[in-house]
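Take a look at the letters that make up each chain.
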Amino acid sequence: MILMLLGPPGAGKGTQSQLISDKLGIPQLSTGDMLRAAVKAGTPIGMKAKKIMAEGGLVHDEIVIGIIADRIAEPDCAKGFILDGFPRTLAQADALDTLLKSRGSKIDCVIELKVDDTKLVDRIECRARETQAAGGTVRADDNADALKTRLIAYYRETAPIIGYYFAHGLLKPVDGMAPIEDVSRQIDEILSEFQAA
Ligand code: ADP
């Protein structure tokens, strides 16, 4: 099964992808996590992405498309995977369609986490405080300025792909403002329809 989670920064894509990954035993592919690992390791891609990410902008399409193309070719993706944070632009969505077509597969379902925009800033600030309290490193882009840029990038570049997947009949909206377990239950219900099919 090939799944995708869509939603603005702070919508809970990472949390829900991880839960689905544990339940279905298919990997979670987070371009954000992969890019953060590249930044940490100081690879050429990481060096290109570091400043863009810290400011909240989008990393170039060719870079993230290349990362995803390599990742889905790995054996653990043969039975399916969960896309978290990719695609983020229409060009990435088109490239993904082409990649999947070339391996004879396609997206089964796109889950849209719908959230109240005014709550996103609180969520991100809360995540930063919790990480700090736990002694962890706060993400370079979890601050008010970068979040504003991330939201602008989301509404300019990413939100249009919601319409694209709706038009393809793949979109399943979920109330992302509910508690984590409730959101997870809504997703399970959607997925059970696929498993029964
Ligand atoms: P969030 O959804 O909370 O904004 P992510 O961890 O998905 O966070 O992404 C963090 C950052 O990584 C983004 O703001 C962007 O700079 C970069 N990034 C991740 N995925 C992509 C992508 N598909 N295209 C371009 N940039 C990306």
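Above: the structure in question.
Here's what I pulled together on the structure shown here. This structure is a prediction, so every number in the text was calculated from the model and none was measured.

Here strand β3 (residues 81–84) shows two buried faces, one formed by Phe81 and Leu83 and the other by Ile82 and Asp84. Pairing of strand β1 (residues 2–6) with β3, which is carried by four bridges, proceeds in the parallel orientation. Residue pairing in the sheet places Ile2 in a bridge with Phe81 of β3. As judged from the three bridges shared by strand β2 (residues 28–30) and β3, these two strands associate in the parallel manner. Within β3, the position partnered with Leu29 by the bridge is Leu83.

It is worth spelling out helix α6 (residues 117–133) at this point. The end-to-end C-alpha distance of α6 is 25 Å, a good match for the 24 Å that 17 residues give at a rise of 1.5 Å each. Along α6, the residues that are buried comprise Leu120, Ile124 and Ala128. Summarising the axial view, the buried residues of α6 lie within an arc of 70°, below the 170-degree limit, and thus occupy one face. Those residues of α6 that are exposed and aimed more than 90 degrees away from the buried face are Thr118, Arg129, Glu130 and Ala133. Along its buried surface, α6 packs onto α7 (144–158).

Take the environment of Asp188 next. In this structure, Asp188 sits in helix α9 (residues 180–196). Sequence-wise, Asp188 and Leu120 are 68 residues apart; in three dimensions their C-alpha atoms are separated by 24 Å. A distance of 2.9 Å separates the side chain of Asp188 from the side chain of Lys23, its partner in a polar contact.

So, on to helix α2 (residues 31–41). Three or more residues of α2 are buried, namely Thr31, Gly32, Leu35 and Ala38. Viewed along the axis of α2, the buried residues span an arc of 125°, placing them on a single side of the element. Of the exposed residues in α2, the ones pointing more than 90 degrees away from its buried face are Lys40 and Ala41. Those residues of α2 hidden inside the fold are in contact with β2, α3 (44–55), α4 (61–72) and β3. Just beyond α2, the residue with positive phi is Gly42, at close to 70°.

It is worth spelling out the packing of α7 against helix α8 (residues 160–167) at this point. Their axes nearest at 5 Å, the elements α7 and α8 cross at an angle of 35°. Counted together, Tyr154, Tyr155, Arg156, Glu157 and Thr158 of α7 and Pro160, Ile161 and Ile162 of α8 form the full contact between these two elements.

As a further point, take unusual backbone geometry. Following Phe86, the chain continues to Pro87 via a peptide bond in cis, the omega torsion being 0°. Within the element layout of this structure, Pro87 appears in the loop between β3 and α5 (90–102).

For the rest of this paragraph, the subject is the nonpolar core. Among the nonpolar cores identified, the biggest contains 32 residues, and Ile107 and Tyr165 are the most heavily contacted of them. Breaking this core down by element, the ones donating at least two residues are β1, α3, α4, β3, α5 and α8. Tallying contributions element by element places α4 first for this core, with six residues. When near neighbours in sequence (up to four residues on either side) are disregarded, Ile107 contacts Ile2, Met4, Leu96, Asp97, Leu100, Tyr165 and Leu170. With 20 residues, the next largest nonpolar core counts Val115, Leu151, Ala178 and Ile190 among its residues.

Reading the values: rules and limits
- Residues numbered from 1 in each chain as written.
- Predicted model: local features only at pLDDT ≥ 70, side-chain atom pairs only at ≥ 80, totals over all residues.
- Heavy atoms only, no water.
- Buried < 20%, exposed > 50% of the residue type's maximum accessible area, 1.4 Å probe, protein only.
- Helix = DSSP H or I, 4+ residues; strand = E, 2+ residues; numbered from the N terminus.
- Pairing = 2+ DSSP bridges.
- Expected span 1.5 Å × (residues − 1).
- Arc of directions from axis to C-beta.
- Contact = heavy atoms within 4.5 Å.
- Polar contact = N/O pair within 3.5 Å; in protein donor to acceptor, adjacent residues only side chain to side chain.
- Axes fitted to C-alpha atoms, helices over the stretch in contact; angles between N-to-C directions.
- Core = buried A, V, L, I, M, F, W, Y, C linked by side-chain atoms within 4.5 Å.

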